[in-house]
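These are the residues of each chain, in order.
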Amino acid sequence: DMFRAPERLRLLSAHLERPGARIVSFPPGLEARRGLRWAPLYFAYTLETDVLSLEQRLFYEQNGFILIKGLVSEEDVDRFRKEFERLCRQEVKIPGLVMMRDVAILKSEFVADQKAVSKIQDFQEDPELFRYCTLPQILRYVECFTGPNIMAMHTMLINKPPDAGKKTSRHPMHQDLHYFPFRPVDKIVCAWTAMETVNRQNGCLVVLPGTHTGTLHEHDYPEWEGGVNKMYHGVRDYNPQHPRVHLEMEKGDTVFFHPLLIHGSGTNQTQGFRKAISCHYAGADCYYIDVKGTTQENIEKEVSEIAARKFALDQVTFQDSWAFRGRLVQGERISL
Ligand SMILES: O=C(O)CCC(=O)C(=O)O
């Protein structure tokens, strides 16, 4: 009939575009009982587990992120902070770990302290920091997006410095998928945990809800007068009128978000260093793709050059640079 035909068509095309989409039929009257105004006929971005409530699933389906309060204990966050400080003081050396400095302080004198470090990446060989990626309460949520076989693909601890007056502490609006040569996109998720109160003053995350339903945009270095940090590519075209949500969070709160969600973070206008720890996970059954001829070619080039230098090899493919760093955290390593 007239009502059902367009609905069936929508369902079918959504299913073709997103082969992982699950079709779920609700028990009759469930939406009404919960006071929900609408419910999708299928879930495209979340899997059926007993972890997310129906409301939480619907929220993620619509918005592309979900914030879970108090997920990581104070004690764990304090341990991650201590390890970060040890790394900054160079008391430990971890293979593969990358320390990054903000462009505004890059050329200032050397100080072996957190002031010099805006971000560390690739801490998969640091047992203390990597514990974050294996926390059972995080993996329970991750599994709702990736399925039961889980790889930790990308690890970061972000230490957003007080802005030196050039707004270089901002993170331009971007989609994390730009950096990833693996798919399917809906089996990738980021967990980002606040290591202290994060708010608009110290540069919390800013997200454009619902943008995860779009496609991957072209990314490049933004044209900022004060300079831009290495690898901080931004989306070339996004709608500046799109509603924004500032994710103000407390220590231990964790946001899970989709790799197509457009997000960034603001200037740190305080004197403190705003810390967060994060990991990108992917279903171990994801597969590598060739990004030749796509918008990801520019980042492929940059990453491969850096990786080749780091490992003193002639050539490291974009895919290899991920395969080296990926670590299985649950289930079985399949194709990543
Ligand atoms: O923690 C932040 O400020 C944003 C980090 C981020 O979006 C990224 O590194 O991709």
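Every chain begins its residue count from 1, and numbering advances along the sequence as written. Confidence filtering applies because this is a predicted model: local features only for residues at pLDDT of at least 70, side-chain atom pairs given and counted only at 80 or more, and all residues used for totals across whole chains, interfaces and linings.

Quick word on helix α9 (residues 318–325)
Consideration 1: Between the buried cut of 20 or more and the exposed cut of 12 or fewer other C-beta atoms within 10 Å of a residue's own C-beta lies the partly exposed class, and all C-beta atoms are placed from the backbone. To qualify as a helix, a DSSP run of H or I must reach at least 4 residues; to qualify as a strand, a run of E must reach at least 2; elements of each kind are numbered from the N terminus. Considered for burial, the residues of α9 that qualify are F318, S321 and W322. Buried residues along α9 cover an arc of 95° about the axis, so they all sit on one side.
Consideration 2: For every residue pair, C-beta atoms are placed from the backbone, and the pair is scored as a contact if these atoms sit within 7 Å. Tucked inside the fold, the buried residues of α9 contact β6 (150–160), β8 (182–183) and α8 (297–310). Regarding the arc, it is the one traced by the directions from the helix axis to the C-beta atoms.

A short note on the site of the ligand
Consideration 1: Nearness between a residue and a molecule or strand is assessed with a C-beta atom placed from the backbone; a distance within 6 Å qualifies. Taken together, M156, I158, K160, H171, D176, L205, H263, S265 and A276 make up the full set of residues near the ligand.
Consideration 2: Put simply, the parts of the chain that give the shell around the ligand at least two residues each are β6 and β15 (263–265).
Consideration 3: The greatest single-element share of the shell around the ligand, amounting to three residues, is contributed by β6.

What to know about the environment of E250
Consideration 1: Looking at the element boundaries, E250 is found in the loop between β13 (245–247) and β14 (254–257).
Consideration 2: Given 12 C-beta atoms within 10 Å, E250 falls into the exposed group.
Consideration 3: Through-space distance from the C-alpha of E250 to that of G70 is 7.6 Å; in sequence the pair is 180 residues apart.
Consideration 4: Once residues within four sequence positions are removed from consideration, E250 is found in contact with A194 and T197.

Digging into the nonpolar core
Consideration 1: Here a nonpolar core is just a set of buried residues of the types Ala, Val, Leu, Ile, Met, Phe, Trp, Tyr and Cys, joined wherever their C-beta atoms sit within 7 Å. Grouped together as the largest cluster of nonpolar side chains are 65 residues, with contacts concentrated most on F65, A191, V255, F256 and Y281.
Consideration 2: Considering every element that reaches this core, the biggest residue donor is β6, with seven residues.
Consideration 3: If we ignore the near neighbours within four places in the chain, the residues touching F256 are F65, I66, Y141, F145, V189, C190 and A191.

Focus: unusual backbone geometry
Consideration 1: Cis geometry is adopted by the peptide bond preceding P184, which originates at R183 and carries an omega value of 5°.
Consideration 2: Tracing the sequence through the fold places P184 in the loop between β8 and β9 (188–194).
Consideration 3: Its identity is not glycine, yet Q90 carries a phi of approximately 60°, on the positive side.
Consideration 4: In this fold, Q90 is placed in the loop between α4 (74–88) and β4 (98–100).
Consideration 5: Here Q90 falls in the exposed class, since 10 other C-beta atoms lie within 10 Å of it.

Points about the sheet that holds β15
Consideration 1: When DSSP finds two or more bridges between two strands, those strands count as paired. Taking strand neighbours across the sheet as the criterion, the four strands line up as β7-β15-β10-β13 in an open arrangement whose pairing is antiparallel. At either end of the open sheet lies a strand with only one pairing partner, and these are β7 (171–174) and β13. Going from strand to strand, the sheet's axes swing by 20° on average, the running direction of each strand aside.
Consideration 2: The pairing of strand β10 (residues 205–207) with β15 spans three bridges and is classified as antiparallel. Bridged to V207 within β15 is H263. Each axis is a line fitted through C-alpha atoms, and for a helix only the stretch in contact is used; angles between axes span 0 to 180 degrees, taken between their N-to-C directions.

Some thoughts on the pairing of β6
Residues in a regular strand point their side chains to alternate faces of the sheet.
Consideration 1: By the criterion of burial, β6 is predominantly enclosed, with eleven of the eleven residues buried.
Consideration 2: Across three bridges, strand β5 (residues 119–121) lies against β6 in antiparallel orientation. The residue bridging Q121 from the neighbouring strand is M156, located in β6.
Consideration 3: Of the pairings in the sheet, the one linking β6 to strand β18 (residues 327–330) comprises three bridges and is antiparallel in character. Looking at the pairing, M151 lines up with L328 of β18.
Consideration 4: Taken together, the ten bridges between β6 and strand β16 (residues 274–283) define a ladder with antiparallel strand orientation. Its bridge partner lying in β16, I150 is registered against G283.

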